[in-house]
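Fold and contact review
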Amino acid sequence: MSPARKNLLDGGGTSVIGLALWLFTGDVQVPVVTLTKVGVVLMCVGAVLLATGLYQSARTSDARR
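Attention in this report is confined to the structure presented alongside it. No experiment lies behind these values; they were computed from the predicted model shown.

**Looking at the overall build of the protein**
Scanning the protein from terminus to terminus reveals 2 helices and 0 strands. For 65 residues, the compact-globule estimate of 2.2 N^0.38 gives 11 Å, and the protein exceeds it by more than 25% at 15 Å. Dimensions of the protein along its principal axes, counting C-alpha atoms only, are 55 × 15 × 15 Å. Taken over 65 residues, the protein has a buried fraction of 20%. Accessible surface, the protein as shown: approximately 4900 Å² in total, 67% of it carbon and sulfur.

**Brief notes about the pattern of salt bridges**
Taken as a whole, this structure holds 1 salt bridge when the rule is applied. Here aspartate 10 and lysine 6 are joined by a salt bridge, their closest N and O atoms 2.9 Å apart. Placement of the pair is aspartate 10 and lysine 6 together in helix 1 (residues 3–24), with a separation of 4 residues, close to one helical turn. Judged by relative accessible area, aspartate 10 falls into the partly exposed class, the value being 33%. According to the relative accessible area criterion, lysine 6 is partly exposed, its value standing at 44%.

**Overview of the side chain of asparagine 7**
Within the secondary structure layout, asparagine 7 lies in helix 1. Those residues in contact with asparagine 7 that sit more than four places away from it in its chain are Leu49, Leu50, Thr52, Gly53 and Gln56.

**What about the environment of asparagine 7?**
The exposure class assigned to asparagine 7 is buried, which follows from its relative accessible area of 14%. For the pair asparagine 7 and glycine 46, spaced 39 residues apart in sequence, the C-alpha to C-alpha distance is 9.0 Å. Only 2.8 Å separates the side chain of asparagine 7 from the side chain of glutamine 56, close enough to count as a polar contact.

**Description of helix 1**
An ideal rise of 1.5 Å per residue puts 32 Å on 22 residues; helix 1 measures up with 31 Å between its terminal C-alpha atoms. Considered for burial, the residues of helix 1 that qualify are Ala4, Asn7, Gly11, Thr14, Ser15, Gly18 and Leu21. Mapping the buried residues of helix 1 onto a view down its axis gives an arc of 125 degrees, with all of them on the same face. Across helix 1 from its buried face, at more than 90 degrees, point the exposed residues Arg5, Leu9, Val16, Ile17 and Phe24.

Calculation notes
Residues numbered from 1 in each chain as written. Predicted model: local features only at pLDDT ≥ 70, side-chain atom pairs only at ≥ 80, totals over all residues. Heavy atoms only, no water. Helix = DSSP H or I, 4+ residues; strand = E, 2+ residues; numbered from the N terminus. Rg over C-alpha atoms; globule rule 2.2 N^0.38 Å. Buried < 20%, exposed > 50% of the residue type's maximum accessible area, 1.4 Å probe, protein only. Areas by Shrake-Rupley, 256 points an atom, 1.4 Å probe, with all protein chains shown as cover. Salt bridge = Lys/Arg side-chain N within 4 Å of Asp/Glu carboxyl O. Contact = heavy atoms within 4.5 Å. Polar contact = N/O pair within 3.5 Å; in protein donor to acceptor, adjacent residues only side chain to side chain. Expected span 1.5 Å × (residues − 1). Arc of directions from axis to C-beta.

What follows is the structure, given as structure tokens:
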């Protein structure tokens, strides 16, 4: 699997998990962290991974020309 595809899949999965945490864990009490904030952080990390994957795939397609 190419690094671009791996980053795209990881970023998509991380973003979906973060979105689920942000949407559905508003009333869950955890002693150390707030799960909605963890969801926002995971969505941001997923977005960075998606952007990196898109950049890598664009770079490899430019190199083939």
